[in-house]
Amino acid sequence: MSDMFTDIKEQVRSANPTLVFPEGTDERILEAAVRLKAEGVMNPLLIGSEEDVLAKAKSLDVDASGLTILDPETYEGMDALIDAFVERRKGKNTREQAADILKQPNYFGTMLVYTGEATGLVSGAAHSTGDTVRPALQIIKTKEGVKKTSGVFVMVKNDERYIFGDCAINIAPDADDLAETAVEAAKTAEVFGIDPKVAMLSFSTKGSAKSEETERVVEATKKAQEKAPDVTVDGEFQFDAAFVASVAEKKAPDSPLKGQANTFIFPSLEAGNIGYKIAQRMGGYEAIGPILQGLNKPVNDLSRGCNQEDVYKLALITAMQGLQ
Ligand SMILES: CC(C)(COP(=O)(O)OP(=O)(O)OC[C@H]1O[C@@H](n2cnc3c(N)ncnc32)[C@H](O)[C@@H]1OP(=O)(O)O)[C@@H](O)C(=O)NCCC(=O)NCCS
Ligand SMILES: CC(=O)OP(=O)(O)O
């Protein structure tokens with residue numbers, strides 16, 4: 001395990017937080033939860049019927065006896081949770097609708113985070129991103145000053161660490177969205193010990209092509225620079241001009257990035273999601289995330305292609321976000 005996770009683990013262990021895992025019968029979730037509990041790092045709270053969770057654990061030959069398991073069907077605090085949900089949704093859902101909605105594990109789990117029963121939530125091993133994050137967007141909501149959440153990955157190989165975003169949430173971001181993602185990604189980079197050098201990516205470098213798409217990235221670059229004058233942000237760049245010093249020298253000699261970018265902002269979700277999966281599956285980078293930026297409390301989504309180790313690491317990161 002890289003030092004990054006050893007450090008995170010020690011920080012998290014001292015707080016021993018409770019984290020919700022709505023997919024309590026998923027093999028990868030169960031194995032990671034058992035491991036986190038056995039290491040004394042956190043108190044995993046699994047959602048599901050106790051009978052089903054314990055039967056699954058038995059079939060996997062793991063000891064789930066120390067885990068907290070909550071079933072929305074039998075949860076004693078459900079009436080209060082329904083009231084809190086109706087209040088939060090401000091007339092958007094009736095009590096009757098809320099009672100139905102809160103039977104869904106992701107909504108139930110997100111409400112446990114909202115009410116403070118748990119510090120954060122990790123889901124998405126078996127649910128799509130939409131189904132995982134929608135409850136958080138509706139209930140947890142973004143921090144003051146952040147209009148939209150976005151999802152970044154920490155890409156890790158040996159000592160290399162990069163931030164890729166938005167790879168998960170905003171399908172067709174406008175210039176304001178891209179600028180906000182860049183500024184939030186720079187903050188996320190710092191949390192992971194990366195001194196952010198942010199590249200706004202495109203298929204053009206410094207005016208080598210012109211189109212609506214490239215102009216959007218140019219505008220986003222200006223907006224990000226205005227929003228965060230202390231952060232090194234530049235664009236628009238093709239990936240090679242952002243990452244390879246010799247190419248940067250040719251294509252963007254006056255840029256402060258000099259081919260040393262470490263935080264990459266993709267111009268659309270198509271580019272970001274495809275880009276991170278290529279780096280992960282062909283490039284051999286470990287992709288940890290998506291980590292949702294700018295929410296009031298930490299809720300993170302997994303890729304359905306995740307393994308137990310990914311769940312374990314995203315849980316540690318989620319718990320660490322809860323300490324910030
Ligand atoms: C994230 C996503 C599910 C939200 O879509 P949606 O559920 O249709 O969203 P809606 O427009 O109905 O909005 C639902 C709520 O979320 C809020 N919301 C939507 N996008 C948001 C964002 N990026 N940040 C914060 N809040 C957001 C809305 O304001 C709304 O809140 P309200 O109900 O309190 O008014 C959608 O953008 C999406 O599918 N993105 C792609 C996900 C994906 O497949 N990624 C690839 C794999 S990781
Ligand atoms: C992040 C991501 O792409 O998630 P999934 O693979 O589950 O769609």
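The chain has the name Phosphate acetyltransferase in an unreviewed UniProt entry, where Alkalicoccus luteus is given as its organism. Note on the chain: under the UniProt heading Sequence similarities (unreviewed entry), the record states "Belongs to the phosphate acetyltransferase and butyryltransferase family." Here is the UniProt Catalytic activity (unreviewed entry) comment for the chain, exactly as written: "acetyl-CoA + phosphate = acetyl phosphate + CoA".

### As for the sheet that holds strand β5 (residues 150-157)
The mixed open sheet is built from six strands, whose spatial order is β8-β7-β9-β6-β5-β10. Unpaired on one side and paired on the other, β8 (232-237) and β10 (286-293) mark the two borders of the sheet. Across the sheet, the mean angle from the axis of one strand to that of its neighbour is 20°, orientation sign disregarded. Pairing analysis gives five bridges linking strand β7 (residues 197-201) to β8, with the strands arranged parallel. From the neighbouring strand, lysine 197 faces β8, where its bridge partner is threonine 232.

### A word on unusual backbone geometry
Following glycine 235, the chain continues to glutamate 236 via a peptide bond in cis, the omega torsion being -15°. Going from glycine 289 to proline 290, the amide bond is cis rather than trans, its omega being 0°. Position of proline 290 relative to the elements: it lies in strand β10. Look at lysine 141: it is not a glycine, yet its phi comes out positive at around 65°. Structurally, lysine 141 can be placed in the loop between α7 (129-140) and β5. Positive phi is not limited to glycine here, since asparagine 158 has a value of about 50°. Tracing the chain through its elements places asparagine 158 in the loop between β5 and β6 (160-165).

### Some points on the packing of aromatic side chains
Think of a pair of aromatic rings as described by two things: how far the centres are apart, and how the planes are tilted against each other in angle. For the coordinates displayed, the defined rule picks out 11 aromatic pairs. On the numbers, 6.1 Å between centres and 85° between planes, the contact of phenylalanine 85 with tyrosine 107 is edge-to-face. In this pair, phenylalanine 85 sits in helix α4 (residues 78-88) while tyrosine 107 sits in helix α6 (residues 105-114), placing the two residues 22 residues apart along the sequence. Feature note: the residues Tyr162, Phe164, Phe239, Phe243, Phe264, Phe266 and Tyr285 constitute an aromatic cluster, connected by ring pairs. Above the face of the tyrosine 312 ring, arginine 35 is positioned so that its terminal group lies 3.5 Å from the ring centre. For the cation-ring pair, lysine 313 lies above phenylalanine 5, with the distance from its terminal atom to the ring centre recorded as 5.1 Å.

### Notes on the site of ligand 2
Residues in close proximity to ligand 2 include Thr129, Phe153, Asn273, Tyr276, Lys277, Pro290, Ser303 and Arg304, which together make up its full environment. A distance of 2.9 Å separates an oxygen atom of ligand 2 from a polar side-chain atom of lysine 277. At 2.7 Å from an oxygen atom of ligand 2 is found a side-chain nitrogen or oxygen belonging to arginine 304. Its free accessible area being 270 Å², ligand 2 has 88% of it covered by the protein chains. The element contributing the most residues to the shell around ligand 2 is helix α12 (residues 269-281), with three residues.

### A closer look at the side chain of asparagine 170
Among the secondary structure elements, asparagine 170 is positioned in the loop between β6 and α8 (175-191). Judged by its relative accessible area of 13%, asparagine 170 falls in the buried class. Each residue touching asparagine 170, except ones within four places of it in the same chain, is listed here: Lys148, Thr149, Ser150 and Leu269.

Cut-offs used in this document
- Residues numbered from 1 in each chain as written.
- Chains lettered and ligands numbered in written order.
- Predicted model: local features only at pLDDT ≥ 70, side-chain atom pairs only at ≥ 80, totals over all residues.
- Heavy atoms only, no water.
- UniProt positions renumbered as here; feature names shortened; annotations may be inferred.
- Pairing = 2+ DSSP bridges.
- Helix = DSSP H or I, 4+ residues; strand = E, 2+ residues; numbered from the N terminus.
- Axes fitted to C-alpha atoms, helices over the stretch in contact; angles between N-to-C directions.
- Phe/Tyr/Trp six-rings, centres within 6.5 Å; stacked < 30°, edge-to-face > 60°.
- Lys NZ or Arg CZ within 6 Å of the ring centre and 35° of its normal.
- Near = heavy atom within 4 Å.
- Polar contact = N/O pair within 3.5 Å; in protein donor to acceptor, adjacent residues only side chain to side chain.
- Areas by Shrake-Rupley, 256 points an atom, 1.4 Å probe, with all protein chains shown as cover.
- Buried < 20%, exposed > 50% of the residue type's maximum accessible area, 1.4 Å probe, protein only.
- Contact = heavy atoms within 4.5 Å.

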